[in-house]
Amino acid sequence: LSFSESDPFNFGSVQTGDVASKTFILNNLGKKTATNLNLSVSNNLFSISAETCPDDGTLNPDASCLVTVAYAPTAPNSASAELRAIYHNGEATQITQRILAGTGTPSALGHLTLQSINPVDFGAVTVGANANTIVIVKNDGSADVTALVFSAILPSTAGFSYGTSGYGAYTP
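Here we summarise the structure given alongside this text. (Residues numbered from 1 in each chain as written. Predicted model: local features only at pLDDT ≥ 70, side-chain atom pairs only at ≥ 80, totals over all residues. Heavy atoms only, no water.)

Remarks on the overall build of the protein chain
Here is step 1: The helix and strand tally for the protein chain stands at zero helices and 13 strands.
Here is step 2: Each helix (α) and strand (β) of the protein chain, taken in turn from the N terminus, gives the series β-β-β-β-β-β-β-β-β-β-β-β-β.
Here is step 3: Counting all 172 residues of the protein chain, 27% fall into the buried class.
Here is step 4: For the protein chain, long-range pairs separated by at least 24 residues make up 67% of all intrachain contacts whose partners lie at least 6 apart in sequence.
Here is step 5: When the accessible area of the protein chain is evaluated, it comes to approximately 10700 Å², of which 50% is carbon and sulfur surface. (Helix = DSSP H or I, 4+ residues; strand = E, 2+ residues; numbered from the N terminus. Buried < 20%, exposed > 50% of the residue type's maximum accessible area, 1.4 Å probe, protein only. Contact = heavy atoms within 4.5 Å. Areas by Shrake-Rupley, 256 points an atom, 1.4 Å probe, with all protein chains shown as cover.)

Pasting the structure below:
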């Protein structure tokens, strides 16, 4: 048996959260029927998402079936696996394989992080006076964040207010 495509087959760069698929052709180039056919991949970032091989686990001479492999990275790093067809050729158990590779890339999502001290400390404030502070929010994602709205969840007696410029005031 033999898989189509180059060895190794590289899925290229795929954003985390996305899925890339490739359909391979598994050909029986031998003169005997392959039996006990079992397909697998060696890394859970890759999976067999579809296949057309006979349900009885046989593949006749000069016959072929399709095996679709999906690559779904969960983190921005490289990954590899083996696509395997384990079968019996009439004399012994055989393995044919195709090396798979892919690189997860950060998804195009904004990701906001609070860069200021949390909780925000206004220090000691005299009754009736104001204290201002700056809260820094950073987008460390790979896409712009739009329609950003700030709000504070405080008791109604907390005396906190904030402006659209990002400055907060505390009046005890």
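Considerations on the state of the cysteines
Here is step 1: In this structure the tally under the stated criterion is one disulfide.
Here is step 2: A disulfide bridge connects Cys53 with Cys65, and the sulfur atoms are separated by 2.0 Å. In this structure the cystine formed by Cys53 and Cys65 twists about its S-S bond by roughly 60°; its chirality is therefore right-handed. Here Cys53 is found in the loop between β5 (46-51) and β6 (64-71), whereas its partner Cys65 is found in strand β6, with 12 residues between them in sequence. (Disulfide = S-S within 2.5 Å.)

Considerations on the sheet that holds β6
Here is step 1: On the basis of which strands lie adjacent, the open sheet formed by four strands has the order β1-β3-β6-β5 and antiparallel pairing. Sheet topology places β1 (2-3) and β5 at the edges, where each strand pairs with a single neighbour.
Here is step 2: Sheet analysis places β1 next to strand β3 (residues 20-27), joined by two bridges and oriented antiparallel. Within β3, the position partnered with Phe3 by the bridge is Leu26. (Pairing = 2+ DSSP bridges.)

Things to note about the environment of Thr68
Here is step 1: For Thr68, the position within the fold is in strand β6.
Here is step 2: A distance of 2.8 Å separates a polar atom in the side chain of Thr68 from a polar atom in the side chain of Thr23. (Polar contact = N/O pair within 3.5 Å; in protein donor to acceptor, adjacent residues only side chain to side chain.)

Quick word on the environment of Asn10
Here is step 1: In this structure, Asn10 sits in strand β2 (residues 9-15).
Here is step 2: When the C-alpha atoms of Asn10 and Ser80 are compared, they prove to be 8.8 Å apart, with 70 residues separating the residues in sequence.
Here is step 3: Apart from residues no more than four positions distant in its own chain, Asn10 is found in contact with Ala101 and Gly102.
Here is step 4: Separated by 2.6 Å, the side chain of Asn10 and the backbone nitrogen of Gly12 make a polar contact.

Topic: the pattern of salt bridges
Here is step 1: Counted by the stated rule, this structure contains four salt bridges.
Here is step 2: Note that Lys32 is salt-bridged to Glu91, the shortest N-O span being 3.0 Å. Of the two residues, Lys32 sits in the loop between β3 and β4 (35-41) while Glu91 sits in the loop between β7 (78-88) and β8 (93-105), which places them 59 residues apart along the sequence.
Here is step 3: Relative accessible area serves as the criterion here: at 43%, Lys32 is assigned to the partly exposed category.
Here is step 4: The salt bridge partner of Glu82 is Arg84, with a shortest N-O separation of 2.8 Å. (Salt bridge = Lys/Arg side-chain N within 4 Å of Asp/Glu carboxyl O.)

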